[in-house]
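Reading the structure
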Amino acid sequence: MDLLLLLLLPLLGAAFLAGAGASRRAPEINALFSFGTFAAACALIVHVIRHGDLLLGEQQFFIDPFNVFLVGLTAFVGLTTALFSRPYMRVELAHGRLTPGRLRLYHSMYQLFMFTMLLALTTNNMGLLWVAMEGATLSTVLLVTLYRTPGSLEAGWKYFILCGVGIAQALFGTILLYVAAEKVLGAQGVTALLWTHLDAVKGRLEPKVLALAFVFMLVGYGTKVGLVPLHSWLPDAHAEGPTPISAVLSGLLLNVALYAVVRSKVLVEGSLHSRLPSWLLMGFGLASVVVAALLLWRQRDIKRLFAYSSIEHMGLATFAFGMGGPIANFAALLHMTVHSLTKSSIFFSAGHATQKAGTQVMEHIRGLITLSPTVGWGLMLGSLAIVGVPPFGVFTSEFLILTTAMRVQPWATPILLAALAVAFSAIFSKVQPMVFGESSGRRLPHQPALLPVFVHLAIVLVLGLYIPPYLAHWYRAAAQLIGGR
Amino acid sequence: MLPWGQQLLDMCAALLLLLSFAMLSQRRIVTLVNLYAVQGAVLTAATLLLAWRTGERHLYLSAALTIVLKVTFLPWLLRRLLRRLDIYRDSEPRLNVTGTMLVGLLIVVFAFALAQPITRLASTSTRSAIGIAISVVLLAFLMMITRRKAVAQVVGFLSMENGVFFGAMSASYGMPMVVELGVALDVLIAVLVLGVFFFQIREQFDSLDLHHLESLKEHD
Amino acid sequence: MTLGDWITQGLEVLMAVAAAPVLLGWVNQCRAWLQNRRAPSLWLPYRNLHKLFHKEAVLAENASPLFRLAPYVVFGAMVLAAGIIPSMGTRLPLVVSADAIALVGLFVTARVFLALAAMDVGTAFGTLGARREMMVGFLAEPALLMVIFVASMISASTALPAITEHLLSGRVGLSPSLAFSAVAFVLVLLAENGRIPVDNPATHLELTMIHEATLLEYSARHLALMEWAAALKLFNYVCIGFALFLPWGVAEGHIGPLGLLVAIPALAVKLATAGAGLALIETVSAKLRVLRIPEFLASAFLFAVLALLVQVLLGT
C-alpha cells in the first residue's frame, strides 16, 4: 500500500502537471506531490522498521535495508528540491529565460523523474531496473535543454547519446545475466531476473558469463554514475540545465546509478569467487577521484566546479564499495547519503548566487556575504562540508574510507589523500573570494528559499557528530547485504 | 544438414550482419532509415521463425511489437522528420568508408572472441548467432562514433538496440515480457524525445550538423 | 585414372576452348536485345578470330621477344586453367597436380604477362592500361582467394572437384556464407573480365578503358589469341562460379557417354542463363569512374570476408 502510493503519487503528479503545470500555483502543486511522496516513503520506512524486508507485487518489488534508506533519501531530497525550485523557477520566469509552457514541461518531467528513480530503487527485477534507469535519462534530457541555449542543447545531446549508448551496454549485460540465470533457475523466464532469486543461487551461476555481464553493466550504469573516463556528459549537463535539476542529478541520479552497479556487483562477486569486480570498481573509483580532483582547478563555472566535485565523491564511494568489507561498505553508504544532502544544498545556494550575480562564471560572482548573508553562509558552509572539514558527516565517511584503505589497500591511501587535498584547495580557493570580497549583484523579485539548504547542512552536521542507532543498524544491515553476508 | 528452419534463421543472422555493414557505409540518410526498417523486418522474420520452431508464445508478441514499432512507426517518424527538416546527405564521415569497413571487420573478430563463453553456456538452438548479435551492437557503436549528423547517430542508436534485442533472442529466446515491453516503451519515448530535440537543435543552429555541438570543452 | 577420365579431361578442355567465343557472342547478343538494338550474330566472335588469323602480323620496331611470346603464354594459361575446373565431370586427372589456389596462380601469370607486354612497346596507353589492370588484379585477387577459402572451409578441401562433390552430396543447405561469397564472386567476375561497372569491353574511349588499352599494339594472330584468351577467361570464371555455387548437372565419379548426355545440356543451360544474367547486370549498371573501382572491389572483398566470418561464427 505504502509502496503503491510511493510510486503512484509522482506518476499522478506527472500526469496532472502535464495539464496544469503552467498555472500560477504549479510550483506549489509540485511541492505538494513531492511532499505526498515523502510521506509515503516515511510510511514505508516505518513499515520496514517494524516488519523487516518486504517482497510485494508478485515478487516484482523488494524492499531491504539497502534500498529503503535510498528511497527515504530520494523522496526527501525530491521534496526539498521542489521547495527550492518554487522561488527559483519563478525568478527564471521573471528574467525571461523560460516560458510558462516550458515550466509545465519542467514540472511534469520533474515528477516523472522522481517516479523512475523510485521505481529503479524498489524494483526486484533487474530488467525493470534497466527500464527505469533509461526512463530517468529520457525524462531529464528535456530538462537539461530547458533553456534552449546552444550550450544546453549540446549538453543535452551529449547526455542523451553517451547515456543512451551506456545504457544499451547495460541492457546487454542484463541479458547475459538472464542467460546465466535461466540455466540455473529454469526456463520459467519470469523469475530469472528477480534479484532475490538471483541472490539465492548466485554461487551456481556461470562465472565467465557473469564476469562479462558485470563489465557491460559497469560500463553502462557507470556512465550514469559519471565514472572517469565515461564522465564527459556530467559537467555539461549539470552546468547547462536549470539548478534544481543539477541538484537532483548530483544528489539522486548518481546515487541510484551507483545502487544499480552495487546490486550487480553483489551477484557477480558471489558467482565469481575472484576479486575482479572489486578491482574494477576500485580502479574506476580511483581514476575518478584523481582526474576529477585535478580538473577542479581548471573550472571557471561554479556549477561545473561542483559537478566535478560530484564525480570525485562518486569515485570515492565506488572505491569504497570496491574495497568491500563491512566498514568500507558502511562508509560508502554514509558517503552516498551525506554527499547527496551536501551537494544538493550547495547547488541550492549556488543557484541563488548565480541568479543574484546574473552569471555562472565564478570570477564575476563576488561578495555574496554582503549581498545576502544567508546565501553566502550557505555556500561557505556547504563547501566546507563537501571538502570534508570536521565535524560534518562527509568527514566521518571519508575518514572511515581512508582508514579502511590504509588497512586493506595501503597503496591507494597516499593517492586518495593527495587527491582530497587537491580538491580541498581547489574548491576552497574558488569559493572563498565568491563569498567574501567586493559585492556585485542585484535584488531578486522572489525571496530565495534557503530553508532546504540549512536543513540539509544541519542533517549532515548531525550525521557527522552522531548517527542515530536505527540508522546505524540499517547501514550495517545494508553493508552486510552488500558484503554478501 | 541442419533443419531448414535453422538454416533460414542463420540466413537472417547473416543478413543482419550484412545490413550493419551496409549502414556503416551508407552516406544517404534516407537510405539509412530504410536500411533500419529492413533490419527490423529481418528481425521480425527471425523472431517469427524462432517462435514457430520453439513454440514460445511470447515471441509472437515481441515479433508483433517489432513490426509495429521498428518496421513501421519509427521509420515513418524518422522519414517525416527528415522531410520536415530537409536533410538528405550526411557530411563526409570522420573516417573514410574503406577504413571504417576494415575496423568493422576487426570488430566482428573481436565480437566472436567475446561471444565464446556465452555460446558455450547458452542452451538455445540459436546460440551460434550470439556472436553476430554482439557484432551488430558494436558495429552500431562504431557508426555512432564515425557519423557527424545527429539523425545518423540516432539510427545507430536504434540499430544498437536491435542488436541487443537479437542477442536476447538468440541467447535465451527473448527476455521476460515485462522487460521487453518496458524496453520497447523506452525506445519509443527516446525517439519522440529526440524528435523534439531535433527541432530544438535546428531552431537554434539552422542545421543538424553536430560540429555546432562541440563548443563545450574544458578551458585551459 | 582410367582412359575414360582422360577422355573427359580432354573433352572438357576442348569444349571450353571451342565454346568460349560462343559465350561471348551470346552475352553480346543478350545485351543488344536488352538495349533494343539489332543483335549481332552468335558466331561473330568466330568470324573475328578467323579474320584476324589470316592477317599479316605487324610488330612495333622496338618490341622485344616477350611481346611476341605473351599471347601464347596468356592463351596457354587459360587453356590449362580450363583443364582443372570441373565443368562437366569431377574426375579430372589434371586436378591431382593443381588445386584452386594454383588456378588463381595461373590467372596471375596471365595477367603479369599481359601487363608486361602492354608496357613493352612503351606507348602511353599501354602503360596506363597495364597499371590499371594491375590495380584491378591487386584488389580482386584477395577477394577471389577469400571466396575460394570460404568454399574450402565448408568442404575441407581446396580442390575444386572436391568442393563440387561436397556441394552435390546435399550436406550443405542454404548457407549464408555461400550466398555472401557468391555475391563477392560475381563482383570479382565483373572486375576481372572487364565487364561494365569496371570496364567497358565495347569501347575504345581512352580515358576509361582498361583491358583494351593493353591490347592496342597487337594485331593479327597475336590479337586473335589475346581476344580468344579473354573469352576463355570469362568462360573459366563462369565455370568456377558453377563449380562453387551451382554444381547441379555435373557428373560425379566415372562419366560415360550417358553422363555426358546429361552434363553437356546442363552446362549449356547454365551458361545461357549466366550469360543472360551478365548482360542484364551490364545493362542496368553504369560504368564507374576509375577512382571508384577500389571501392567496388573493396566491397567484394568485404562480402568475401563477411562470408568467411559468418562461416566461423555460425559454424560453431
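These figures come from a predicted structure and were not determined experimentally.

Here's the deal with the overall build of chain C
Along its length, chain C carries 11 helices and 0 strands. Tracing chain C from N to C terminus, the helices and strands come up as α-α-α-α-α-α-α-α-α-α-α. Its C-alpha atoms give chain C a radius of gyration of 19 Å, near enough to 20 Å, the size a compact globule of 316 residues would have. Taken along its principal axes, the extent of the C-alpha atoms in chain C is 55 × 45 × 40 Å. The contacts of chain C with a sequence gap of at least 6 include a subset with a gap of at least 24, amounting to 80%.

Brief notes about the overall build of chain A
Broken down by element type, chain A carries 19 helices and 2 strands. Its C-alpha atoms give chain A a radius of gyration of 21 Å, near enough to 23 Å, the size a compact globule of 485 residues would have. In terms of its C-alpha atoms, chain A occupies a principal-axis envelope of roughly 65 × 55 × 45 Å. For chain A, with 485 residues in total, the buried portion stands at 64%.

A short note on the packing of helix α1 (residues 2–20) of chain A against helix α2 (residues 26–51) of chain A
All names here are of chain A. Between α1 and α2, the shortest axis-to-axis distance is 8 Å and the interhelical angle comes to 170°. Judged by the angle between their axes, α1 and α2 are roughly antiparallel. On α2, the residues that touch Asp2, Leu3, Leu5, Leu6, Leu9, Pro10, Gly13, Leu17 and Ala20 of α1 are Ala26, Ile29, Asn30, Phe33, Gly36, Thr37, Ala40, Ala41, Ala43, Leu44 and His47. Each residue belonging to the contact of α1 with α2 can be placed in one class, and the counts come to 14 nonpolar, 5 polar and 1 charged.

Some words on the interface of chain C and chain B
Listed per partner, the contact involves 18 residues of chain C and 23 residues of chain B. Those elements that provide at least two residues to the side of chain C that touches chain B are α7 (176–192) and α11 (293–315) of chain C. Here the element with the most residues in the side of chain C that touches chain B is α11(C); it accounts for 10 residues. Looking at the side of chain C that touches chain B residue by residue, the classes come out as 13 nonpolar, 3 polar and 2 charged.

Quick look at the interface of chain A and chain B
Of the residues lining the interface, 42 residues belong to chain A; the matching set on chain B comes to 39 residues. With 20 residues, helix α6 (residues 150–185) of chain A is the single largest residue contributor to the side of chain A that touches chain B. A per-class count over the side of chain A that touches chain B returns 24 nonpolar, 8 polar and 10 charged.

A few points about the nonpolar core
It is characteristic of soluble globular proteins that their nonpolar side chains tend to be buried jointly. Within the largest apolar cluster, 371 residues are counted, with the highest numbers of intra-cluster contacts made by A:Leu176, C:Ala143, C:Val147, C:Ala184, C:Val188, C:Ala304 and C:Leu306. Of the residues forming this core, the biggest block, 22 residues, is contributed by α6(A). Look past the residues within four positions of C:Ala184 in its chain and what remains in contact with it is C:Ala143, C:Val147, C:Ala300, C:Phe303, C:Ala304 and C:Ala307.

Some details on unusual backbone geometry
Note that the residue after A:Val228, namely A:Pro229, is joined by a cis bond; omega there is 5°. Residue placement: A:Pro229 occurs in the loop between α8 (207–225) and α9 (233–240). With phi around 60°, A:Arg148 is a residue other than glycine that occupies positive phi space. With respect to the secondary-structure elements, A:Arg148 resides in the loop between α5 (126–144) and α6. A residue is classified by how many C-beta atoms lie within 10 Å of it, and A:Arg148, with 16 of them, is partly exposed. Positive phi values are uncommon outside glycine, yet C:Ala156 reaches one of about 60°. Residue position: C:Ala156 is located in the loop between α5 (124–155) and α6 (160–168).

Focus: the packing of helix α2 (residues 29–54) of chain B against helix α3 (residues 57–85) of chain B
Two packed helices can be described by the angle between their axes and the distance between those axes. Residue and element names in this part refer to chain B. Packing of α2 against α3 leaves a shortest axis separation of 8 Å and a crossing angle of 175°. One way to sum up the angle between α2 and α3 is to call them roughly antiparallel. Its residues assigned to classes, the contact of α2 with α3 comprises 18 nonpolar, 5 polar and 2 charged.

Concerning the arrangement of the chains
When the 2 pairs of chains in contact are ranked by number of contacts, first place goes to chains A and B. A minimum C-alpha distance of 18 Å separates chain A and chain C, which share no contact.

Topic: α6(C)
Owing to its 3.6 residues per turn, the α-helix aligns residues three or four sequence positions apart on the same side. All names here are of chain C. Every buried residue of α6 is listed here: Leu160, Pro161, Ile163, Thr164 and Leu167. Viewed end-on, α6 has its buried residues packed into an arc of 160°, placing them on one side of the element. Packing partners of the buried residues in α6 comprise α4 (100–120), α5 and α9 (220–245). Phi turns positive, to about 80°, at glycine 170, one or two residues after α6.

Topic: the confidence of the model for chain C
Averaged over all residues, the pLDDT of chain C equals 81, while 95% of them reach at least 70. The least confident element of chain C is helix α8 (residues 211–214) of chain C, whose mean pLDDT is 75; the most confident is helix α3 (residues 65–83) of chain C, at 87.

Comments concerning the environment of C:Phe107
Tracing the sequence through the fold places C:Phe107 in helix α4. Separated by 120 residues in the primary sequence, C:Phe107 and C:Glu227 have C-alpha atoms spaced 15 Å apart.

Some words on the environment of B:Phe112
Along the chain, the position of B:Phe112 falls in helix α4 (residues 97–121). C-beta crowding within 10 Å serves as the criterion here: with 19 such atoms nearby, B:Phe112 is assigned to the partly exposed category. In this structure B:Phe112 touches B:Gly131, C:Val312 and C:Leu313, once residues within four positions along its chain are discounted.

The rules behind these values
- Numbering of residues starts from 1 in every chain and runs along the sequence as written.
- Labels are handed out in written order, letters beginning with A for the chains and numbers beginning with 1 for the ligands.
- Confidence filtering applies because this is a predicted model: local features only for residues at pLDDT of at least 70, side-chain atom pairs given and counted only at 80 or more, and all residues used for totals across whole chains, interfaces and linings.
- Helix and strand definitions follow DSSP, with helices as H or I runs of at least four residues and strands as E runs of at least two, each counted in order from the N terminus.
- The size measure is the radius of gyration over C-alpha atoms, and the globule rule it meets is 2.2 Å times the number of residues to the 0.38 power.
- Here the contact rule is simple: place C-beta atoms from the backbone, and any two residues whose C-beta atoms are within 7 Å are in contact.
- To sort residues by exposure, count the other C-beta atoms lying within 10 Å of each residue's C-beta; 20 or more gives buried, 12 or fewer gives exposed, and values between give partly exposed, all with C-beta atoms placed from the backbone.
- Angles run from 0 to 180 degrees between N-to-C directions of axes, and those axes are lines fitted to C-alpha atoms, restricted for helices to the stretch in contact.
- Convention used here: angles under 35 degrees read as roughly parallel, angles over 145 as roughly antiparallel, angles from 65 to 115 as roughly perpendicular, and any remaining angle as oblique.
- Side-chain classes follow a simple rule in which Ala, Val, Leu, Ile, Met, Phe, Trp, Tyr, Cys and Pro form the nonpolar group, Asp, Glu, Lys and Arg form the charged group, and the remainder, Gly included, forms the polar group.
- Only buried residues count toward a nonpolar core: Ala, Val, Leu, Ile, Met, Phe, Trp, Tyr and Cys, linked into one set through C-beta atoms within 7 Å.
- It is the directions from the helix axis to the C-beta atoms that the arc portrays.
- Known as pLDDT, the predictor's per-residue confidence is scaled from 0 to 100.

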